[in-house]
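These are the residues of each chain, in order.
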Amino acid sequence: TQGLFVLGPIVIAFALTAFQDNLLYFYSPSDVYARKAPKDRVFRVGGMVPEGSFNRPSGSLEAHFELTDFAHNVKVSYTGVLPDLFREGQGVIARGRMTSDGVFIAEEVLAKHDENYMPPEVADSLKKQHQQPANPQPTT
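Residues numbered from 1 in each chain as written. Predicted model: local features only at pLDDT ≥ 70, side-chain atom pairs only at ≥ 80, totals over all residues. Heavy atoms only, no water.

**Considerations on the pattern of salt bridges**
Rules: Here, a salt bridge means any Lys or Arg side-chain nitrogen found within 4 Å of an Asp or Glu carboxyl oxygen. Strands are runs of DSSP state E lasting at least 2 residues, helices are runs of H or I lasting at least 4, and numbering of each runs from the N terminus. Only protein chains enter the accessibility calculation, which uses a 1.4 Å probe; a residue is then buried when its area is under 20% of its type maximum, exposed when over 50%, and partly exposed in between.
Going through the model one piece at a time under the given rule, you end up with two salt bridges. Measuring nitrogen to oxygen at the nearest pair gives 2.7 Å for the salt bridge that ties Glu107 to Arg95. With Glu107 in strand β6 (residues 103-110) and Arg95 in strand β5 (residues 91-98), this residue pair connects regions lying 12 residues apart in the sequence. What makes Arg95 partly exposed here is its relative accessible area of 24%.

**Considerations on the packing of aromatic side chains**
Rules: Pairing of aromatic side chains here covers Phe, Tyr and the six-membered ring of Trp, requires ring centres within 6.5 Å, and sorts the geometry by plane angle: under 30 degrees stacked, over 60 edge-to-face, intermediate tilted.
Using the criterion set out here, one finds four aromatic pairs in the structure. Relative to Phe104, the ring of Phe43 lies with its centre 5.2 Å away and its plane at 65 degrees, an arrangement referred to as edge-to-face. On the criterion of sequence distance, the pair formed by Phe43 in strand β2 (residues 43-48) and Phe104 in strand β6 is long-range, its members being 61 residues apart. Side by side, Phe43 and Phe104 carry an identical accessibility label, which is buried.

**Side note on the pairing of β2**
Basically, it comes down to this: Any two strands are treated as partners once DSSP identifies two or more bridges connecting them.
The buried fraction of β2 amounts to six of the six residues, a majority that puts the element mostly inside the structure. With two bridges joining them, strand β1 (residues 26-27) and β2 adopt parallel strand pairing. Looking across to β2, one finds that Phe26 is bridged to Arg44. Looking at chain direction, β2 and β5 are connected through six bridges and run antiparallel. Across the sheet, residue Phe43 finds its bridge partner in β5, namely Gly96.

**Regarding the confidence of the model for the protein chain**
One rule of thumb: low pLDDT means the predicted coordinates there are not for detailed reading. Our working rule: As a per-residue measure, pLDDT reflects the predictor's confidence and takes values from 0 up to 100. Throughout, a contact is declared for two residues whenever any of their heavy atoms are within 4.5 Å.
With 64% of its residues at a pLDDT of 70 or more, the protein chain has an overall mean of 80. Scored below 50 in pLDDT, residues 132-140 makes 17 contacts in the model with residues more than four places away or belonging to other chains.

**Overview of the nonpolar core**
Selection rule: In these notes, a set of buried Ala, Val, Leu, Ile, Met, Phe, Trp, Tyr and Cys residues joined through side-chain atoms within 4.5 Å is what counts as a nonpolar core.
Formed by 21 residues in total, the largest nonpolar core has its most connected members in Val32, Phe43, Val45, Phe65, Leu67, Phe104 and Val109. Elements that contribute at least two residues to this core include exactly β2, β3 (62-68), β4 (73-79), β5 and β6.

Quick look at the structure:
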């Protein structure tokens, strides 16, 4: 029974550490600009894709775009097939890491499959900046 009292807290500590390591936190472009986002971990960043920021060379799967919360922008690079509803003027969330040169390398880009939807994290981030997108999308 004494072993249980010693091993119990150790097992709990390991479980909490593993849980903490697997959490994916959401950061706005302003959070990234303020260096609140982790440098050595995967996290999510979201915002609107500004008009004119999307660039994909013809025949390539490599895409470059920005995410904004209307206060700051984050440059994003993604290689792969983007969601069908991905486009400029839409709210999206990207999962990945920041590089030392300030570019977010996305492993995944998410867009909800409903044109009347904006990811809640993006809507909250935009509200914090006290600005609304040109064509506000209701959240669900």
